[in-house]
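Now for the letters of each chain:
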Amino acid sequence: MPLSIVQDALKTAVLQQHTPYMSGAHLFSSNDPNHPLTCGIAVMEKGQTITWTYPGAEFTLMLEGEMEVEDKTNQDNVIHWHLKEGDIVRAEKGDVLTMKTPTRSKAFFVAQIPDGTDLNSIMQIHE
């Protein structure tokens with residue numbers, strides 16, 4: 001497969017998928033069904049909160065804004081982080097995280113989810 005490029009992705013990415021908690025823009029996916037990788041841009045508006053179980057491993061680079069993250073995977077040892085621009089987060093399949101945004105936030109992610117996956121169908125939201 002030839003090299004693929006999205007130029008000026010932060011300006012040209014159209015937020016194609018929307019949930020009540022965040023919006024996302026798909027940029028690329030791998031063609032390997034045994035090792036799916038998808039990357040894109042995720043946006044959460046100021047004041048939004050989401051708790052969900054990750055459907056696959058994910059790496060996220062904070063591009064703009066701030067985010068409060070609580071790792072609730074082990075209820076006996078909840079871990080808190082304050083993320084800002086330039087921070088990188090790694091989540092594993094099955095991790096339970098709560099994300100709160102005191103500001104509008106934008107992030108680049110690479111996740112182990114197949115191409116074309118509807119976020120609404122895979123997000124295990126905890127109310």
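Up top you'll find the structure we're talking about.
For the structure given in this document, a descriptive report is provided here. (Residues numbered from 1 in each chain as written. Predicted model: local features only at pLDDT ≥ 70, side-chain atom pairs only at ≥ 80, totals over all residues. Heavy atoms only, no water.)

This part covers the overall build of the protein chain. A count of helical and extended segments in the protein chain gives 2 helices and 11 strands. Ordered by position from the N terminus, the helices and strands of the protein chain form the series α-β-β-β-β-β-β-β-β-β-β-α-β. Of all 127 residues assigned to the protein chain, the portion counted as buried reaches 39%. Put simply, of all contacts in the protein chain between residues at least 6 apart along the chain, 70% involve residues at least 24 apart. (Helix = DSSP H or I, 4+ residues; strand = E, 2+ residues; numbered from the N terminus. Buried < 20%, exposed > 50% of the residue type's maximum accessible area, 1.4 Å probe, protein only. Contact = heavy atoms within 4.5 Å.)

The subject of this paragraph is the packing of aromatic side chains. Applying the stated criterion across every chain yields a total of 1 aromatic pair. Centre to centre, the rings of Trp52 and Tyr54 are 4.7 Å apart; their planes meet at 35 degrees, and the pair counts as tilted. On the basis of relative accessible area, Trp52 is assigned to the buried category, the value being 5%. (Phe/Tyr/Trp six-rings, centres within 6.5 Å; stacked < 30°, edge-to-face > 60°.)

A few words on the nonpolar core. Counting 13 residues, the largest nonpolar core has Tyr54, Met67, Val69, Leu83 and Met99 as the members making the most contacts within it. Among the secondary structure elements, those contributing two or more residues to this core are β4 (49-53), β6 (66-71), β8 (88-91) and β9 (96-100). (Core = buried A, V, L, I, M, F, W, Y, C linked by side-chain atoms within 4.5 Å.)

Right, let's get into the environment of Thr60. Positionally, Thr60 belongs in strand β5 (residues 58-64). In this structure the C-alpha to C-alpha distance between Thr60 and Ile88, which are 28 residues apart in sequence, comes to 5.5 Å. Apart from the residues lying within four places of it in its own chain, the contact partners of Thr60 are Asp87, Ile88, Val89, Ala107, Phe108 and Phe109. A distance of 2.9 Å separates polar atoms of two side chains, one belonging to Thr60 and the other to Glu58. (Polar contact = N/O pair within 3.5 Å; in protein donor to acceptor, adjacent residues only side chain to side chain.)

When their charged atoms lie close together, side chains carrying opposite charge are able to pair. Overall, the coordinates contain 5 salt bridges when judged by the stated rule. Among the salt bridges present, the one from Lys72 reaches Glu70, with a minimum N-O distance of 3.5 Å. Since its relative accessible area comes to 24%, Lys72 is described here as partly exposed. Where Arg90 meets Glu92, a salt bridge forms, and the shortest distance between an N and an O atom there is 3.2 Å. (Salt bridge = Lys/Arg side-chain N within 4 Å of Asp/Glu carboxyl O.)

Right, let's talk about the pairing of β4 for a bit. Looking along a regular strand, one sees side chains alternate from face to face of the sheet. Summarising burial for β4: 4 of the 5 residues are buried, a large majority. When β4 meets β9, the two strands line up antiparallel, connected through 5 bridges. By the bridge assignment, Trp52 is partnered in β9 with Leu97. (Pairing = 2+ DSSP bridges.)

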